[in-house]
Amino acid sequence: MEYNHKEIERTWSKYWSENQLYKVVEDPNLPKLYVLDMFPYPSGAGLHVGHPLGYIASDIYSRFMRHRGFNVLHPMGYDSFGLPAEQYAIETGQHPAVTTENNIKRYRSQLDLLGMSYDWSREVRTSDPKYYKWTQWIFLQFFNSWYNKKTNKAEPVKTLLQHLEEFGTKGLDAACTQQLSFTAEEWNTWPEEKKQQTLLNYRLAYRSESVVNWCPALGTVLANDEVKDGLSERGGYPVVQKKMMQWSLRITAYAQRLLEGLEQIDWSDSIKEAQRNWIGRSEGAIVNFYTPDQVPISIFTTRPDTIFGATFIVMAPEHDAVDQLTTDEFKRAVEQYRDYVKSRSERDRLADVKNVTGQFTGSYVIHPFSGEKIPVYISEYVLAGYGTGAIMAVPGHDSRDHRFAKKFGLPIKMVVDPGKPWDVDAETYEEKSGTSINSEFLSGLPVEDAISAIITEIERRGIGHRKVNFRLRDAVFGRQRYWGEPIPIYYKNGIPYPLPEELLPLELPQVDAYLPTEDGDPPLARAKEWYYTDDEGNKWPLETTTMPGWAGSSWYFLRYMDPANEKEPFSAAKEKYWKSVDLYFGGSEHSTGHLLYARFWHKFLFDLGFVTSDEPFAKLINQGMIQGTSAFVYRVKGQKKFVTFSKKDAYDTQSLYVDVNLVENDVLDIDGFKKWRPEFMDFEFETEDDGSYRVGREIEKMSKSKYNVVNPDHIVEKYGADTLRLYEMFLGPIELSKPWNTDGITGVYNFLKKYWRLHFDEAGNFCVKDEKPTDAELKTLHKTIKKVTNDLQNFSYNTCVSAFMICVNELTSQKCQKREVLQPLSVLLAPFAPHIAEEIYQRMNSGQSVLLARWPSWDEKLLEEDHVIYPVSFNGKTRFTLSLSKSLTSEEVEKAVLAEPKTAKYLNGKNPRKIIVVQGRIINIVI
RNA sequence: GCCCGGGUGGUGGAAUCGGUAGACACGCAGGACUUAAAAUCCUGUCUGCAGAAAUGCGGGUGCGGGUUCAAGUCCCGCCCCGGGUACCA
């Protein structure tokens, strides 16, 4: 009987689903494990082969741990709000909910083919009002909270109100937009509106001005993704940077905790490092410089020790004080420069270091220590949002300042001695080591000491103070979009108020188009009945921006615990059982976005007592990207002829993309190609000498337009899900990015066929015997159990697959068809290739599912060797091997190797200078 | 630009602690079975030189240095590719 993947996979997926074998319920008698995939955005292109890489890996791990007695929560859902659906809606007029629903159906049917062990009863969709009701509810918790730096946690606004009523801002240490100072008496006399306005300064969800990509022609804000070279991708219109009133979440309040939390979690160092850099904690000082008219300019520096080398000041062009500082003579030039900067994205401003730009304001400040007059410039390399939006430029010790000084002919002073010859005019010395020079009282001090000495002096003189600064900015939370969660806020006389909880969910309204209004308001402003009616019957306008894509994905993992709960986002009892995600699989492209926001929300929910863990994802594994391998055919220009890859250089050709699904092992399916592109029906194909037409290859991003998107469906159809699963794991280490290439897939398909044949006799009858296995057979099995178990614990899936291949190759040559060997093997294979393993296991066990089998254990005694094959090297070059008893000591090994005749040959009469014996491993003789 | 990864045969990769580089596959070449094909099985396959062969000698893990008895692995300096860079998710 031949291995028939279609029938086997159909049979068992139906069986698992009918018997609800993947359904998971809280069971206090079993240890829990929460294994999660980053849920996909259901795009119109469907699931491609890159998606399942992580899904298969997590599924294998989930199944493995179920065999080992864990109660595993392994859910799946959809991150179904997002820009592409809205873009598609703008183009076609179809409601995003409709296209999203279709895409989800397609994803689901594709996922169903892959044999995933998801408990689908827990499915979550972020665009489902039953779900986003609770996203809105969490937003209201943010709105109704403030961050108390004294208790170091978020608290309800109620406790803030009590404090303000009793003490005003005295003794208040809160995360806020602006440092305010008022007494309790003042507060208590303020009208309601002023109080509300003031509270916004402290709320964790608040409104503030932030810079956006504004496209006047489209009347909307664009994502960075939608802007190419300063023009909108859609239409090619100019894009400018514009300040806009926006909702933000005060993530900066959590900066320190987000940084410290990284210590407790098992994530790769690179992702932790990325988060650390994103948070960007730096220690330094704020220093005030004054103009002769006593106008202060406050700067932030991490190198206050270099203050004597400060030869000019640079301010962000958007800095509030620029107008005041610009002299009449420079007004025009400054205005022009500011216009130029508006056309530049933040990334352009920071990345473009070759092109140094800036403008003198006409003003000077007095250096607080030297008393010299130093000029004030504006330049795009200083950002308004970082630090104080102004820097003291020290060209001797900062490369950006150095380039600026060179360009504008400003003095460069050396104030740190590198301890080696250095031409500071040619090159800046940036390292934070050396000794202060030319710095009055700092001279002679090492950098670290100079920093503390100067800060002490700055504080003593009252011109500044020590400061810990974070690069992290508050997270802009409003989007000028339709397809997102409506923000549950209404405005009464311009003041935002939360919608009463019982009105949630605030559902997305119907609109006539998914574009901004003519006045430039977001699409929700098109809705007719978009207002809130209060108890007195007053109608108040609702917020018209929606939440960003990351809102729903910041807490979905909690909803899986209790997805149908209508009274609360999730019950305390279920949260207590599942706690947090033990193992999270996802792409490293989310390292700073989603993973930071989710940690932030989780810490906030922890502060309010809704979750009992401080970090949401204990362990994280980043799977690599799967790239496309595009294929090309070569058309001879002007002729009805294609020429094969190796002969193309003999002609003047034009390369055309060909659908990679029509190519196998670089050989084109010519008939298939003609069917796909009927216009080439009567074309001639000049082939290789063996008669095949070979395509050219190029590795690039997987994209529909390059015809290199490989859909798992075809592969599942042709080889089956088990083969696809094994193949994706066999491709290489899970964390590595790699191009997709189906060339090797026959290797794993052959392996499954070979595995299948182990259980059948010549006549094709199922044939597993109850004979006692030989020691060699047992050794083959047990070393495989050991290897696969250990490798799975290290998430080394590719080496598991080769271990299976070695095992099956050995059992085949041993002609082993014994139950005692084959039955444990089927359990080992079940997480990887569940369908075939189930078929084999059930044939051996009359009707019990392999999913319920216990994971086999290995017997170390069966694996012990009594001899070691020592490689013998001379001066590091391996010359021969020597089999010696394992029990020999180093001295005995040394004796044995010297007694070996071959040794004399390589010694060639010389005496060994040194003999290194690593017991059980290697012998190296140094001559 | 900055931050984070990666680079090993024709290809994907293995080498888990610094200890025989190339496991396991793909591809390719040759062979068996077959009228033929498919399927299956066997043999070879990093590379240069010598040899009929067994084998021997040398080179070799992106490039250039270094540490070490021993480096794909550790250190220093480069090159190339991929990801992120705050409104793609």
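Residues numbered from 1 in each chain as written. Chains lettered and ligands numbered in written order. Predicted model: local features only at pLDDT ≥ 70, side-chain atom pairs only at ≥ 80, totals over all residues. Heavy atoms only, no water.

### Here we look at the overall build of chain A
Here is step 1: Tallying secondary structure elements over chain A gives 30 helices and 37 strands in all.
Here is step 2: Taken over 927 residues, chain A has a buried fraction of 53%.
Here is step 3: For chain A, the exposed area adds up to about 42,100 Å²; of that, 49% sits on carbon and sulfur atoms.
Here is step 4: Side chains of chain A carry 112 positive and 127 negative charges; the gap between the two charge centres is 3 Å. (Helix = DSSP H or I, 4+ residues; strand = E, 2+ residues; numbered from the N terminus. Buried < 20%, exposed > 50% of the residue type's maximum accessible area, 1.4 Å probe, protein only. Areas by Shrake-Rupley, 256 points an atom, 1.4 Å probe, with all protein chains shown as cover. Lys, Arg positive; Asp, Glu negative; His and termini not counted. Charge placed at Lys NZ, Arg CZ, Asp CG, Glu CD.)

### What about the protein's contact with RNA strand B?
Here is step 1: Around RNA strand B there are 64 residues in total, and Asp79, Ala223, Asn277, Arg347 and Asn809 lie nearest to it.
Here is step 2: Between a phosphate oxygen of RNA strand B and a main-chain N or O atom of Leu83, the distance comes to 3.2 Å.
Here is step 3: Asn924 places a side-chain nitrogen or oxygen 2.7 Å from a base oxygen of RNA strand B.
Here is step 4: In the surface near RNA strand B, the residues fall into 23 nonpolar, 21 polar and 20 charged. (Near = heavy atom within 4 Å. Polar contact = N/O pair within 3.5 Å; in protein donor to acceptor, adjacent residues only side chain to side chain. Nonpolar A, V, L, I, M, F, W, Y, C, P; charged D, E, K, R; others polar.)

### What about a positive patch on the surface?
Here is step 1: Residues Lys877, Arg879, Lys902 and Lys905 make up a contiguous surface patch of positive charge.
Here is step 2: Structurally, Lys902 can be placed in helix H30 (residues 901-907). (Patch = residues over 30% accessible without salt bridge, like charges linked within 9 Å, V, L, I, M, F, W, Y side chains within 5 Å. Salt bridge = Lys/Arg side-chain N within 4 Å of Asp/Glu carboxyl O.)

### Observations regarding the sheet that holds strand E37 (residues 922-926)
Here is step 1: Pairing within the open sheet is mixed, and its four strands lie in the order E35-E34-E37-E36. Every interior strand has two partners, whereas the edge strands, strand E35 (877-885) and strand E36 (914-918), have only one. Neighbour-to-neighbour, the strand axes of the sheet open up by a mean angle of 20°, direction not taken into account.
Here is step 2: In the sheet, E36 pairs with E37 via five bridges, with the strands oriented antiparallel. If you follow Val918 over to E37, its bridge partner there is Ile922.
Here is step 3: Helix H29 (residues 890-899) rests against strand E34 (867-874), E35, E36 and E37 of the sheet, and its axis sits at about 125° to E36. (Pairing = 2+ DSSP bridges. Axes fitted to C-alpha atoms, helices over the stretch in contact; angles between N-to-C directions. Contact = heavy atoms within 4.5 Å.)

### Here we look at the UniProt feature "domain: Methionyl/Leucyl tRNA synthetase" (unreviewed entry) in chain A
Here is step 1: UniProt annotation of "domain: Methionyl/Leucyl tRNA synthetase" (unreviewed entry) refers to residues 39-143 when read in the numbering used here.
Here is step 2: The annotated region residues 39-143 carries 56% helix and 3% strand content, and the separation between its end C-alpha atoms amounts to 27 Å. (UniProt positions renumbered as here; feature names shortened; annotations may be inferred.)

### Examining unusual backbone geometry
Here is step 1: That bond from Leu504 to Pro505 is cis: its omega, -5°, falls within 30 degrees of zero.
Here is step 2: A positive phi angle, close to 65°, is found at Gln294, a residue other than glycine.
Here is step 3: Locating Gln294 in the fold gives a position in the loop between strand E10 (281-290) and strand E11 (296-301).
Here is step 4: On the basis of relative accessible area, Gln294 is assigned to the exposed category, the value being 56%.
Here is step 5: Even without a glycine there, the phi angle at Phe795 is positive, about 60°.
Here is step 6: Classification of Phe795 as buried rests on a relative accessible area of 9%.

### Things to note about the nonpolar core
Here is step 1: Residues Phe139, Tyr556, Trp601, Leu668, Tyr797, Leu825 and Phe832 are the most contacted members of the largest nonpolar core, which totals 173 residues.
Here is step 2: Sorting elements by how many residues they give to this core places helix H25 (residues 797-813) first, with nine residues.
Here is step 3: Not counting residues within four places of it along the chain, the set of residues in contact with Phe139 comprises Ala205, Trp247, Leu249, Phe477, Ile487, Pro488, Ile489 and Met547.
Here is step 4: Ile299, Ala316, Val322 and Phe369 belong to the second-largest nonpolar core, a separate cluster that totals 53 residues. (Core = buried A, V, L, I, M, F, W, Y, C linked by side-chain atoms within 4.5 Å.)

### Examining the pairing of strand E4 (residues 153-156)
Here is step 1: The pairing of strand E3 (residues 145-148) with E4 spans four bridges and is antiparallel. When the sheet's bridge partners are listed, Ser145 is paired in E4 with Pro156.

### Topic: the packing of aromatic side chains
Here is step 1: Counting across every chain of the model gives 70 aromatic pairs.
Here is step 2: Their ring planes at 35° and their centres at 5.3 Å tell us that Phe642 and Phe683 sit as a pair that is tilted. One end of the pair, Phe642, is in strand E27 (residues 641-643); the other, Phe683, is in the loop between helix H20 (670-676) and strand E31 (684-686), with 41 residues separating them in the sequence. Each of the two residues, Phe642 as well as Phe683, counts as buried.
Here is step 3: Members of the aromatic cluster, each reached through a chain of ring pairs, are Phe139, Phe142, Phe143, Tyr147, Trp247, Tyr254, Phe477, Trp550, Tyr597, Phe600, Trp601 and Phe604.
Here is step 4: In this structure, Arg677 is placed above the aromatic ring of Trp676, and the distance from its NZ or CZ to the ring centre is 4.3 Å. (Phe/Tyr/Trp six-rings, centres within 6.5 Å; stacked < 30°, edge-to-face > 60°. Lys NZ or Arg CZ within 6 Å of the ring centre and 35° of its normal.)

### Digging into the domain arrangement of chain A
Here is step 1: Each assigned domain of chain A is listed with its residue range as follows: domain 1 (30-138 + 552-621), domain 2 (145-252 + 475-541), domain 3 (281-470), domain 4 (626-700), domain 5 (744-862) and domain 6 (865-926).
Here is step 2: Each of domain 2 and domain 6 was reduced to a C-alpha centroid, and the two centroids are 75 Å apart. (Domains from an automatic or database assignment.)

### A few points about helix H8 (residues 192-200)
Here is step 1: Listed in full, the buried residues belonging to H8 are Lys195, Gln196, Thr198, Leu199 and Leu200.
Here is step 2: Against helix H5 (129-143), helix H6 (157-167), helix H7 (184-189), strand E5 (205-215) and strand E21 (495-498) lie the buried residues of H8.

### Quick notes on the environment of Val748
Here is step 1: Relative to the assigned elements, Val748 resides in helix H23 (residues 745-757).
Here is step 2: When near neighbours in sequence (up to four residues on either side) are disregarded, Val748 contacts Thr723, Leu726, Tyr727, Phe730, Val801 and Met805.

### So, the packing of H23 against H25
Here is step 1: Where H23 meets H25, the axes come as close as 10 Å, and the angle between the chain directions of the two elements is 40°. As the angle between them shows, H23 and H25 are arranged oblique. Considering only the axes of H23 and H25, their crossing is left-handed. Residues Gly747, Val748, Phe751, Lys754 and Tyr755 of H23 form the contact with H25, whose participating residues are Val801, Phe804, Met805, Val808, Asn809 and Thr812.
Here is step 2: Within the contact of H23 with H25, the residues separate by chemical class into seven nonpolar, three polar and one charged. (Parallel < 35°, antiparallel > 145°, perpendicular 65-115°, else oblique. Left-handed = near helix turned anticlockwise from the far one by under 90°.)

### Remarks on the packing of helix H26 (residues 819-829) against helix H27 (residues 834-845)
Here is step 1: Interhelical geometry of H26 versus H27 gives an angle of 145° and a closest axis separation of 9 Å. Every pair of crossing elements has a handedness; the one defined by H26 and H27 is left-handed. Touching Arg819, Leu822, Gln823, Ser826, Val827 and Leu829 of H26 are Ile836, Ala837, Ile840, Tyr841, Met844 and Asn845, all from H27.
Here is step 2: Counted by class, the contact of H26 with H27 contains eight nonpolar, three polar and one charged residues.

### Focus: the side chain of Asp401
Here is step 1: With respect to the secondary-structure elements, Asp401 resides in helix H14 (residues 399-408).
Here is step 2: Of the side chains bearing the opposite charge, Arg400 lies closest to the buried Asp401, which forms no salt bridge; the N-O distance is 5.3 Å.
Here is step 3: Other than its neighbours up to four places away in sequence, Asp401 contacts Phe312, Tyr381, Ile391, Met392, Ala393, Val394 and Pro395.

### Brief notes about the pairing of strand E26 (residues 626-636)
Here is step 1: Of all eleven residues in E26, nine are buried, a share of seventy percent or more.
Here is step 2: Examined bridge by bridge, E26 and strand E33 (residues 738-739) share two bridges and lie parallel to one another. Following the sheet pairing, Gln627 is matched in E33 by Pro739.
Here is step 3: Relative to strand E28 (residues 653-658), E26 runs antiparallel, the two sharing six bridges. Residue pairing in the sheet places Val636 in a bridge with Thr653 of E28.
Here is step 4: Relative to E27, E26 runs antiparallel, the two sharing two bridges. Residue pairing for E27: Arg635 is matched across the bridge by Phe642.
Here is step 5: Linkage of E26 to E27, two consecutive antiparallel strands, is achieved through a turn of four residues, within which Gly638 is found at a positive phi near 80°.

### Focus on a negative patch on the surface
Here is step 1: Together, Glu501, Glu502, Asp535 and Glu536 make up a region of like negative charge exposed at the surface.
Here is step 2: Following the sequence through the fold, Glu501 ends up in the loop between E21 and strand E22 (531-533).
Here is step 3: For Glu501, a relative accessible area of 46% translates into the label partly exposed.

### Remarks on the sheet that holds strand E2 (residues 71-73)
Here is step 1: The strand order across the open sheet formed by four strands is E2-E1-E24-E25, and the pairing between neighbours is parallel. Only two strands of the sheet have a single neighbouring strand rather than two, namely E2 and strand E25 (617-623). Within this sheet the neighbouring strands show an average axis-to-axis angle of 20°, counted without direction.
Here is step 2: In the sheet, strand E1 (residues 32-37) pairs with E2 via three bridges, with the strands oriented parallel.

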